[in-house]
Amino acid sequence: MKYNTRFDMKHLFIIFTMGLFLASCSNSDRGNLVGVQDREPWYQPDPFGMLFIPMGSYVMGQNDQDVPYNQIQTAKTVSLQAFYMDETEITNNEYRQFVNWVRDSIARYKLGEVNEEFLILENEYGEAYDPPYLNWREKFRWDDDDEEVREVLSEMYIQEHEQFYRRKQIDPRMLNFEYYWIDYKSAARKNWDNPMPEAYGDEEVDMAAWRNRPQGYEDRSVYIIKDVINVYPDTLCWVHDFTYSFNEPMTQNYFWHPAYDHYPVVGVNWKQARAFSIWRTTYLNSYLFSLGQSIVNDFRLPTESEWEWAARGGLDLSPYPWGGPYIRNSNGCFLGNYKPLRGNYPDDGGLHSIIVGHYEPNDYGLYDMAGNVAEWTSNAFDESAYQFAHDLNMNYQYEAKETDPEVLKRKVIRGGSWKDIGFYMQVSSRSYEYQDTGKSYLGFRNVQTYL
């Protein structure tokens, strides 16, 4: 039999070509709609110190007699997506981490003016950062032996003529935090006749250029809002909240003394609480980014509908977080820290605020959802908000400007506090404080949306 070399080589070439084609098809979508492949796998870990609150629907508002007959918490059915919430209120020690970070970041910027080692001036490609990043790997000591370092850091201390018995202390007026947030509401409206975002300062916008821009063009930067706020809590709140009352020891010790490390932080106004939430987000994201991991969802203040849903602990129509109709248990013991009887403050175990997590949690595992300190929410206060707000993730917000009347600067607070009567311990009770004031009975906790 004669061997046909030409024929076999031809068939071998065809078989080899088809093999390559089939091999290439194994990694192809073969013309089908399969979506973008090789996406980074992701899951949402439980945030440290937070508990999962499931989605659900409930009757928000008054479930018992409206004692003051103010009709500001009428019953309304709302539905909410799932989220995480801090197990306890933010404590003095946790908020102090924020204050110290702001202090150290300002010190690094100042030291960077004389030593570039404290700053990261350019990226790996040699492109300059403007402004530069802080180099947190470069260490320094506040009592450094280097005279130049001490001279730079001396600017951050209370000056000698203001010192009390020559105590060398950081000047809290220096602790200003610059942060940014996005005004999604204004971006979503796209109102050409009145295009100015509500939260944006008039002095920072060229109105003529803004109105005369091409139709359909959006400068996204106008919706990125910059704010600068002093982060140090108002420690004098213990004095100015109560006339003819001796609370100077609390002013001197409550925020800094180790005895109060695990007490809820107070004297923090609404803007400071929001700034803390933004810092907490960027602080964690910076760490995850350094590991090459995906960033996390934002930490934020809860809406009042989220707060009430979490406070109820899954027990619909219950007036208190613990489920029963009374503030004492069957043994006569108080179930929260408030103002019992006719003002017998210590009868429930605390003259003022007490350590977080002292009383039993609700069925979601959350502590102090009634009493101890009241808590900021993200919502603006309006007496009729329940009538016009949507029943899906109910939320009413207004970004008050400095020039707005005081009535527009009210923010909803929830939960009641150590100085409040039992009515404010109810999960449905709502009240308000002004966004630019800190109180000795007012703190906050964060939430994070579950994806």
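Here's what I pulled together on the structure shown here. What you see is a predicted model; the values in this text were computed from it and never measured. (Residues numbered from 1 in each chain as written. Predicted model: local features only at pLDDT ≥ 70, side-chain atom pairs only at ≥ 80, totals over all residues. Heavy atoms only, no water.)

### A short note on the overall build of the chain
Looking only at helices and strands, the chain has ten helices and 14 strands in total. Summarising the internal contacts of the chain: among those between residues at least 6 apart in sequence, 71% fall at separations of at least 24. (Helix = DSSP H or I, 4+ residues; strand = E, 2+ residues; numbered from the N terminus. Contact = heavy atoms within 4.5 Å.)

### Overview of the pairing of strand S10 (residues 374–380)
Along S10, seven of the seven residues are buried, which leaves the element largely enclosed by surrounding structure. Pairing of S10 with strand S11 (residues 410–414), which is carried by three bridges, proceeds in the antiparallel orientation. Bridging from a neighbouring strand, Trp376 pairs with Ile413 of S11. (Buried < 20%, exposed > 50% of the residue type's maximum accessible area, 1.4 Å probe, protein only. Pairing = 2+ DSSP bridges.)

### A look at the side chain of Gln272
As for its placement among the helices and strands, Gln272 is situated in helix H8 (residues 270–290). Accessibility expressed as a relative area gives 5% for Gln272, which makes it buried. Once you skip the residues sitting within four places of it in the chain, Gln272 turns out to touch Tyr95, Ile229, Asn230, Val231, Tyr232, Pro233 and Gly267.

### So, the packing of helix H2 (residues 92–112) against H8
Interaxial distance between H2 and H8 falls to 11 Å at its minimum, and their mutual angle equals 75°. As far as their axial angle goes, H8 and H2 are roughly perpendicular. Counting all contacts with H2, which are made through Glu94, Tyr95, Gln97, Phe98 and Trp101, the residues of H8 involved are Gln272, Ala275, Phe276, Trp279 and Tyr283. Tallied by class, the residues present in the contact of H2 with H8 amount to seven nonpolar, two polar and one charged. (Axes fitted to C-alpha atoms, helices over the stretch in contact; angles between N-to-C directions. Parallel < 35°, antiparallel > 145°, perpendicular 65-115°, else oblique. Nonpolar A, V, L, I, M, F, W, Y, C, P; charged D, E, K, R; others polar.)

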